Amino acid sequence: MYGEIDLELYTISIIRLNTAFEKLDSSNTDEVKSMFEESLNDLKTLYNDIVDDLNQEEVNLNEYYMFFQNGKQTFPQFIEMLGSVENESLEDVIGELMNVFSNLNKIADAFPKNDND
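The structure contained in this document is the topic of the report that follows. (Residues numbered from 1 in each chain as written. Predicted model: local features only at pLDDT ≥ 70, side-chain atom pairs only at ≥ 80, totals over all residues. Heavy atoms only, no water.)

## Details of the pattern of salt bridges
No. 1: Enumeration over the complete set of coordinates arrives at four salt bridges.
No. 2: As a salt-bridge pair, Arg-16 and Glu-38 come within 3.1 Å of each other at their nearest N and O atoms. Note that Arg-16 is positioned in helix α1 (residues 7-22) and Glu-38 in helix α2 (residues 29-54), a separation of 22 residues in sequence.
No. 3: The class for Glu-38 is partly exposed, based on a relative accessible area of 38%. (Salt bridge = Lys/Arg side-chain N within 4 Å of Asp/Glu carboxyl O. Helix = DSSP H or I, 4+ residues; strand = E, 2+ residues; numbered from the N terminus. Buried < 20%, exposed > 50% of the residue type's maximum accessible area, 1.4 Å probe, protein only.)

Put into structure tokens, the structure is as follows:
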């Protein structure tokens, strides 16, 4: 999907991720792991789409500006929350999620500022 962020996919992923965090203390680790894995798959797709879009010859940066301005706040928070999870059975998926958020955060940090700022 060139030039357009799939905000619906992002929103669903974040809601699912937050639900997984809420259920971390429950005894059903399989359900929580499944939620983390689904969010990971969606966020990887989103990340790959963004990278593909930003590598096009013509890029509408305005489409990404608000997403990355918000991301400068939220991506580090998710990295911190994920880093605090202490559950050996979730270690791999948590590590991969941290990697995706770190990559998104790198793009957000390098993203040009809006001329109106």
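## Overview of the nonpolar core
No. 1: In this structure, Phe-36, Phe-68 and Phe-101 are the most contacted members of the largest nonpolar core, which totals 33 residues.
No. 2: Mapped onto this core, the elements with two or more residues apiece are α1, α2, α3 (62-83) and α4 (91-110).
No. 3: When neighbours within four sequence positions are excluded, Phe-36 is seen to be in contact with Leu-17, Ala-20, Phe-21, Leu-24, Leu-82, Leu-90, Val-93, Ile-94 and Leu-97. (Core = buried A, V, L, I, M, F, W, Y, C linked by side-chain atoms within 4.5 Å. Contact = heavy atoms within 4.5 Å.)

## Some thoughts on the packing of aromatic side chains
No. 1: Within this structure, the stated rule accounts for eight aromatic pairs.
No. 2: Both rings, one in Phe-78 and one in Phe-101, keep their centres 5.0 Å apart while their planes meet at 10 degrees; by these two values the pair is stacked. Of this pair, Phe-78 sits in helix α3 while Phe-101 sits in helix α4, placing them 23 residues apart in sequence. The pair formed by Phe-78 and Phe-101 is uniform in burial state, with each residue classed as buried.
No. 3: One aromatic cluster is present, formed by Tyr-10, Tyr-64, Phe-67, Phe-68, Phe-75, Phe-78, Phe-101 and Phe-111 through successive ring pairs. (Phe/Tyr/Trp six-rings, centres within 6.5 Å; stacked < 30°, edge-to-face > 60°.)

Shape is all these values report; function is a separate question.
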